[in-house]
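Read off the chains here:
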Amino acid sequence: MPDFDVIVMGAGHNALVTAAYAAKAGLKVGVFERRHMVGGAVSTEELVPGYQFDYGGSAHILIRLTPVVRELELTRHGLHYLEVDPMFHASDGETPWFIHRDADRTARELEAIFPGQGEAYRRFLDDWTPFARSVADLFNSAPGPLDMGKMVMSSGRGRDWMEQLPRILRPYGDVAKEYFSEERVRAPLVWMAAQSGPPPSDPLSAPFLLWHPLYHEGGVARPKGGSGGLTKALKRAIEADGGQVFVNAPVKDILVKDGKAQGVRLEGGEVYTARAVVSGAHVLTTAGALPDEYVPASARQVRVGNGFGMVLRLALDGQVQYRQHTEPDSRTGLGLLIKSEQQLMKGYGEYLAGQPTSDPPLIAMSFSAVDDSLAPPGSDVLWLWAQYYPYELASGTWETRVNEARDNILNAFEHYAPGTRDRIVGELVQTPQWLETNLGLHRGNVMHLEMSFDQMFSFRPWMKASGYRWPGVGGLYLTGASTHPGGGIMGASGRNAASVLVRDLTRRRWR
Ligand SMILES: Cc1cc2nc3c(=O)[nH]c(=O)nc-3n(C[C@H](O)[C@H](O)[C@H](O)COP(=O)(O)OP(=O)(O)OC[C@H]3O[C@@H](n4cnc5c(N)ncnc54)[C@H](O)[C@@H]3O)c2cc1C
């Protein structure tokens with residue numbers, strides 16, 4: 001008799017989602033996490049007394065387009081989402097504008113500040129909302145070989161698809177130029193699209209911009225208490241259905257006998273057996289835990305890239321005060337702080353040359369403006385996400401260059417909110433190397449693998465493994481950002497993997 005029906009390796013949010021669905025379906029589940037806490041890149045801890053620091057993802061956007069929270073009744077297990085509206089604060093430092101959940105209000109305000117651009121925004125949403133919705137549908141199901149075709153065809157739903165199709169195949173920077181003549185509008189939209197990694201000049205990257213309409217559909221939210229509120233609720237859901245979650249429990253080996261997964265051996269030597277094993281860790285970590293003969297060449301050939309973002313997390317003894325400040329809107333949403341498109345491309349150029357960006361565009365997040373449990377009264381937490389930063393540097397090491405990179409991020413923010421550096425009472429600097437060492441994100445890629453078209457849908461992580469099953473090892477399943485639909489706080493991979501796992505183990509539908 002095995003110890004569990006299902007052993008889950010890693011407690012990232014996707015793995016927890018799979019575990020929660022499995023436990024809900026009546027399976028006996030054991031989750032084993034390497035770190036001292038659950039959540040992986042969706043976790044929060046009080047790193048400075050009185051200040052709650054997120055370790056990874058902070059903006060909960062994509063998960064709101066999935067049924068995960070409702071189906072797993074996460075509200076009952078303590079998840080409380082706070083709306084972030086305005087969702088975005090876009091600024092070059094001089095002329096801020098806001099993206100509200102309400103698309104009409106956004107377009108109206110935009111038109112008043114930049115004549116013609118509100119109308120362009122409206123047209124952009126009208127043109128691409130059907131496409132964006134069909135992309136969201138594809139995220140919520142296991143990828144099929146025809147998905148790319150379906151996505152492309154959906155571009156023409158109600159439109160002239162022969163007009164729309166070429167746009168999908170273009171770099172998103174070019175598509176933004178087709179719609180927005182004003183750079184102060186275009187640059188922040190392009191900067192947001194750059195969050196998945198590929199630069200604005202990459203062919204086939206337009207979908208990263210074209211799903212922008214989805215922000216107006218699902219909104220932006222924050223779990224009360226920090227990003228980790230989501231994963232804490234998932235843990236409670238698993239335990240409520242009889243599952244067990246172990247932390248400080250790194251898996252060393254996935255045990256395989258005669259081509260069938262048997263269980264896991266922990267670093268400490270303990271062995272646990274199960275009918276099935278699910279890995280939610282990075283696909284290279286999964287490969288490293290398997291006997292060599294079960295690791296196909298494709299698994300070693302996945303493209304992880306060379307890092308791309310880093311974060312400076314600050315505890316401030318006062319509130320963020322922008323030069324051009326609208327209270328409370330400026331502090332509420334994600335600050336898309338970028339001076340020009342050239343700033344982004346220059347950063348990308350430096351990155352290609354192996355250097356940390358000297359003057360980065362920033363995403364500024366001071367979510368204490370919507371959640372007073374994150375910082376003491378009258379003060380803020382401030383996260384500054386910046387791009388681009390190579391994991392492998394052309395000169396020096398991250399130990400020798402971390403201070404320079406940190407100072408350049410702060411200097412860049414001083415352009416928008418002077419005096420912020422004088423309010424710092426605590427900080428965490430997360431370089432690509434830090435992300436690898438502490439969160440297990442190989443080469444600092446927060447999306448696990450590069451989010452390029454050749455590694456999306458049924459090509460993620462590689463074609464034979466895209467159905468959430470490890471080829472050649474019966475009973476071994478995959479979930480997480482290494483699988484479709486990739487990185488981001490979404491839980492869709494966890495849910496898609498659960499549908500395959502639960503069907504296999506119970507021979508019935510999984511919900
Ligand atoms: C700094 C940062 C900022 C981000 N910002 C955003 C954002 O604002 N919005 C957004 O949508 N996304 C954001 N992301 C991306 C998003 O958070 C991640 O893509 C996503 O959370 C990945 O989740 P996952 O469950 O797939 O994998 P992971 O979170 O990577 O989980 C894998 C888990 O496996 C564990 N593990 C590894 N090896 C072992 C082992 N041997 N044994 C046991 N356990 C193991 C790890 O410790 C980890 O807990 C950000 C990520 C980072 C790092």
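Residues numbered from 1 in each chain as written. Predicted model: local features only at pLDDT ≥ 70, side-chain atom pairs only at ≥ 80, totals over all residues.

Looking at an unreviewed UniProt entry, one finds the protein named Pyridine nucleotide-disulfide oxidoreductase domain-containing protein 2 and attributed to Deinococcus gobiensis. Per UniProt, the protein has the following entry under Subunit (unreviewed entry): "Interacts with COX5B; this interaction may contribute to localize PYROXD2 to the inner face of the inner mitochondrial membrane." The UniProt entry for the protein carries the following text under Function (unreviewed entry): "Probable oxidoreductase that may play a role as regulator of mitochondrial function." (UniProt positions renumbered as here; feature names shortened; annotations may be inferred.)

J.: Help me understand the site of the ligand, please; the structure alone is not making it clear to me.
T.: Around the ligand sit 38 residues, and of these Gly 10, Gly 12, Gly 40, Gly 57 and Gly 487 come closest. Elements with a minimum of two residues in the shell around the ligand: helix H1 (13–24) and helix H17 (432–439). The greatest single-element share of the shell around the ligand, amounting to three residues, is contributed by H1. Within the shell around the ligand, the residues separate by chemical class into 20 nonpolar, 15 polar and three charged. Both domains that meet at the shell around the ligand, namely domain 1 (4–42 + 226–303 + 446–506) and domain 3 (305–442), each give it at least three residues. (Near = placed C-beta within 6 Å. Helix = DSSP H or I, 4+ residues; strand = E, 2+ residues; numbered from the N terminus. Nonpolar A, V, L, I, M, F, W, Y, C, P; charged D, E, K, R; others polar. Domains from an automatic or database assignment.)

J.: Just to check I follow, could you spell out the sheet that holds strand S13 (residues 309–316) for this structure?
T.: For sheets, the rule is that strands pair by backbone hydrogen bonds, running either parallel or antiparallel. With mixed pairing, seven strands are arranged side by side in an open sheet as S7-S6-S14-S15-S16-S13-S17. A strand with exactly one partner marks an edge of an open sheet, and here the two such strands are strand S7 (97–99) and strand S17 (424–430). Shown here is a sheet whose adjacent strand axes are inclined to one another by a mean of 20 degrees, direction ignored. (Pairing = 2+ DSSP bridges. Axes fitted to C-alpha atoms, helices over the stretch in contact; angles between N-to-C directions.)

J.: I tried to follow helix H11 (residues 229–240) on my own but got confused; where do I start?
T.: Because an α-helix packs 3.6 residues into every turn, residues spaced three or four apart end up facing the same way. Compared with an ideal rise of 1.5 Å per residue, which puts 12 residues at 16 Å, H11 spans 16 Å between its outermost C-alpha atoms and is within 8% of the ideal. For H11, the tally of buried residues reaches nine of 12 residues, placing the bulk of the element in the interior. Buried residues along H11 sit against H1, strand S2 (29–32), strand S8 (220–223) and strand S9 (244–246). In the segment just after H11, Gly 242 is the residue with positive phi, at about 90 degrees. (Expected span 1.5 Å × (residues − 1). Buried ≥ 20, exposed ≤ 12 C-beta atoms within 10 Å, placed from the backbone. Contact = placed C-beta atoms within 7 Å.)

J.: In this structure, what is going on with the domain arrangement of the protein? I would like to understand it.
T.: Interfaces are often sized by the accessible area lost when the parts come together. Under the domain assignment used here, the protein contains domain 1 (4–42 + 226–303 + 446–506), domain 2 (125–215) and domain 3 (305–442). The centre of domain 1, based on its C-alpha atoms, is set 30 Å off from the matching centre of domain 3. When its residues are assigned to classes, the side of domain 1 that touches domain 3 shows four nonpolar, five polar and three charged.

J.: Can you help me understand helix H6 (residues 161–168) in this one?
T.: When we look at burial in H6, the residues that qualify are Gln 164, Arg 167 and Ile 168. Along the long axis of H6, the arc covered by the buried residues comes to 100 degrees, so they all point the same way. Those residues of H6 that are exposed and aimed more than 90 degrees away from the buried face are Met 162 and Pro 166. (Arc of directions from axis to C-beta.)

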